[in-house]
Amino acid sequence: MIVRTLLLLLMTSLISASVPAASLPFYVGTYTTPPSGHGQGIYRGTLDTETGALTAPVLAAEAANPSWLVLSGDGRRLYAALEAKGGIASFWVGGNEEGGLLHFIQAVPEPAGNPCHLAIDDADRFLLAASYGSGVLTVLDTLGEAPAQPLAPVSTFPFTGTGPDAGRQKSSHAHSVYLDRSNRFAYACDLGGDDVGLFAFDAKTGALTPHLPFAKVPPGSGPRHLAFSKDQHFVYVNGEMKMNVTAFSRDPATGALNPIQTVDMDPPAVVETKAVAGSAEILAHPSGKWLYVSNRGWETLALFHIGTDGKLEAMGNIPLDVKGPRGMAIDPSGRWLLVAGQYDDSLSVFKIDPETGAVTPTGQRQSVGSPVALVFAP
């Protein structure tokens, strides 16, 4: 019996040792234009979801300033906003046997120019693009890209707002666009007009119908990105310029937003001076309990607790070990936060405490030139 037990223990240990750690792929968009852009395009790396370890990212495809990335729901196609070229590039995603390298399909000029953010509908057919320079939203029909049909514009909407900041709000700047879980409503942040636009989205035709008047954030906030609560009954918008977050209640039936709170992010004791500063990304934790905002210049992560009423409780700013924290991504388990340091050419992993929402550095870092966008593979 003792021998049999020892043999079973040995077999179990050998089996456990042979099982590979969970490896989650991710893609990184970078700035490529010298002198400030040090990347070469889109990179691919993996995160060990057991330990938080990162592999060194490898170049998956060359591209000019791919500043935002989105994957189709089936994970087979990747789209990149080419900020420098004023276009959108699409790629087939290679299999694991070839390391997830990207195969170029096409690059098309985005009609409004200077796309900075993308979203794809849940049928993987329509691609929505927000253009910063023109303040225009565009919907493009991907047609499945078989056989490589050009991305065809089917709907546009021009924002026309202005704001009190004479330097940055003389005209509209559409900074992001999102679809809700029902695939019926689209939301877009206009940094120039302090608007959060609501649109009915027709999943059959791709048409956008604005629901006016749009929701507002406090004047001069400069809304950049947004995050939905877990139940999608609330929406949170980070003001890039005023370093604040505005919470909205959301009617799932009509999509309507109603502002319920604006919370300022208090600066840390020491603030670094950078050419570009302001809040960047906003993410809700999969548990629905926590909200995170990355702050460039402050080099911090603002942490908020989400109450059952949707209101936020500020939990402070956590120092980050990267410079210019811009893009962020939380792995599906909610255990790890990946942060892109635009100014020090770094990726860093932080461990998330499920009880407090606080993050701590793991020491897991990798180098990649000017990373600005992150997306985990589905």
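A short tour of the structure in this document, coming up. What you see is a predicted model, and the numbers here were worked out from it, not measured in a lab. (Residues numbered from 1 in each chain as written. Predicted model: local features only at pLDDT ≥ 70, side-chain atom pairs only at ≥ 80, totals over all residues. Heavy atoms only, no water.)

Moving on, we get to the overall build of the protein. Secondary structure summary: the protein contains 1 helix and 29 strands in total. In terms of overall size, the protein behaves like a compact globule, its C-alpha atoms giving a radius of gyration of 21 Å where 378 residues would be expected to give roughly 21 Å. Taking the principal axes of its C-alpha atoms as reference, the protein extends roughly 80 × 55 × 45 Å. The proportion of buried residues among the 378 residues of the protein is 55%. Within the protein, contacts between residues separated by at least 24 positions form 49% of all contacts whose residues are at least 6 apart in sequence. Roughly 15700 Å² of accessible area belongs to the protein as shown, and the carbon and sulfur atoms make up 58% of that amount. (Helix = DSSP H or I, 4+ residues; strand = E, 2+ residues; numbered from the N terminus. Rg over C-alpha atoms; globule rule 2.2 N^0.38 Å. Buried < 20%, exposed > 50% of the residue type's maximum accessible area, 1.4 Å probe, protein only. Contact = heavy atoms within 4.5 Å. Areas by Shrake-Rupley, 256 points an atom, 1.4 Å probe, with all protein chains shown as cover.)

Moving on, we come to the sheet that holds strand 20 (residues 257-264). In sheet architecture, strand pairing relies on hydrogen bonds along the backbone and comes in two forms, parallel and antiparallel. Across the sheet, 4 strands lie side by side as 17-18-19-20; this open sheet has antiparallel pairing. Two strands in the sheet have a free side with no partner beyond their single neighbour: strand 17 (223-228) and strand 20. Taken pair by pair, the neighbouring strands of this sheet meet at an average axis angle of 25°, ignoring direction. Pairing geometry for strand 17 and strand 18 (residues 234-239), over 5 bridges, is antiparallel. From the neighbouring strand, Ala227 faces strand 18, where its bridge partner is Tyr236. (Pairing = 2+ DSSP bridges. Axes fitted to C-alpha atoms, helices over the stretch in contact; angles between N-to-C directions.)

Attention now moves to the nonpolar core. For soluble globular proteins, the rule of thumb is that nonpolar side chains tend to be buried together. With 28 residues, the main nonpolar core has Tyr27, Ile42, Leu78 and Leu118 as its most contacted residues. For this core, the secondary-structure elements that each account for two or more residues are strand 3 (58-62), strand 4 (66-71), strand 5 (77-82), strand 6 (87-93), strand 7 (102-109), strand 8 (115-120), strand 9 (126-131) and strand 29 (371-376). The element best represented in this core is strand 5, accounting for 5 residues. In this structure, Ala119, Ala130, Val177 and Ala186 belong to the second largest nonpolar core, which totals 17 residues. (Core = buried A, V, L, I, M, F, W, Y, C linked by side-chain atoms within 4.5 Å.)

With antiparallel pairing, 4 strands are arranged side by side in an open sheet as 25-26-27-28. For this open sheet the edge positions go to strand 25 (325-330) and strand 28 (359-367), each flanked by a neighbour on one side alone. Going from strand to strand, the sheet's axes swing by 25° on average, the running direction of each strand aside. As defined by bridge partners, strand 26 (residues 336-341) adjoins strand 27 (residues 346-352) across 6 bridges and the pair is classed as antiparallel.

On to the environment of Arg365. If you trace the backbone, Arg365 turns up in strand 28. Linking Arg365 and Ile42, residues 323 residues apart in sequence, is a C-alpha distance of 18 Å. Within polar-contact distance, the side chain of Arg365 engages the backbone oxygen of Asp321 at 2.4 Å. (Polar contact = N/O pair within 3.5 Å; in protein donor to acceptor, adjacent residues only side chain to side chain.)

By the element assignment, Asp195 lies in strand 14 (residues 195-201). At 2.9 Å, the side chain of Asp195 forms a polar contact with the side chain of Lys216. Once residues lying within four places of it in the same chain are set aside, the contact partners of Asp195 are Ala188, Cys189, Asp190, Phe214, Ala215, Lys216 and Pro223.

Aromatic rings considered in pairs are described by the distance between their centres and by the relative angle of their planes. As enumerated under the stated definition, the model contains 10 aromatic pairs in all. When the centroid spacing of 6.0 Å and the interplanar angle of 80° are considered together, the rings of Phe26 and Phe376 count as edge-to-face. Placement of the pair is Phe26 in strand 1 (residues 23-30) and Phe376 in strand 29, with a sequence separation of 350 residues. Pairing Phe199 with Phe214 gives two aromatic rings, centres 5.4 Å apart and planes at 55°, and the pair type is tilted. Of this pair, Phe199 sits in strand 14 while Phe214 is found in the loop between strand 15 (208-210) and strand 16 (215-216), placing the two residues 15 residues apart along the sequence. The exposure class assigned to Phe214 is buried, which follows from its relative accessible area of 13%. Through successive ring pairs, a cluster of aromatic residues spans Phe157, Phe159, Phe199 and Phe214. (Phe/Tyr/Trp six-rings, centres within 6.5 Å; stacked < 30°, edge-to-face > 60°.)

This part takes up the state of the cysteines. All chains considered together, the criterion is met by 0 disulfides. Between Cys116, a cysteine without a disulfide, and Cys189, which holds the nearest cysteine sulfur, the sulfur-to-sulfur distance is 10 Å. Exposure remark for Cys189: the relative accessible area of 0% places this residue in the buried category. (Disulfide = S-S within 2.5 Å.)

On to the pattern of salt bridges. According to the stated counting rule, one finds 8 salt bridges in the structure shown. Between Asp141 and Arg125 there is a salt bridge, with its nearest N and O atoms 2.7 Å apart. With Asp141 in strand 10 (residues 136-141) and Arg125 in the loop between strand 8 and strand 9, the pair connects residues that are 16 residues apart, well separated along the chain. For Arg125, a relative accessible area of 33% gives the class partly exposed. Ionic pairing is found between Arg168 and Glu240, a salt bridge with its closest N-O pair at 3.1 Å. On the criterion of sequence distance, the pair formed by Arg168 in the loop between strand 11 (152-158) and strand 12 (174-179) and Glu240 in the loop between strand 18 and strand 19 (244-250) is long-range, its members being 72 residues apart. Looking at Arg168, the relative accessible area reads 28%, which means it is partly exposed. Overall, Glu240 belongs to the buried group, its relative accessible area being 4%. (Salt bridge = Lys/Arg side-chain N within 4 Å of Asp/Glu carboxyl O.)

The buried count for strand 17 comes to 6 of 6 residues, which makes it a mostly enclosed element. Count of turn residues in the strand 17/strand 18 antiparallel hairpin: 5 residues, of which Gln232 carries a positive phi of about 65°.

Interpretation in functional terms is not warranted from these geometric data alone.
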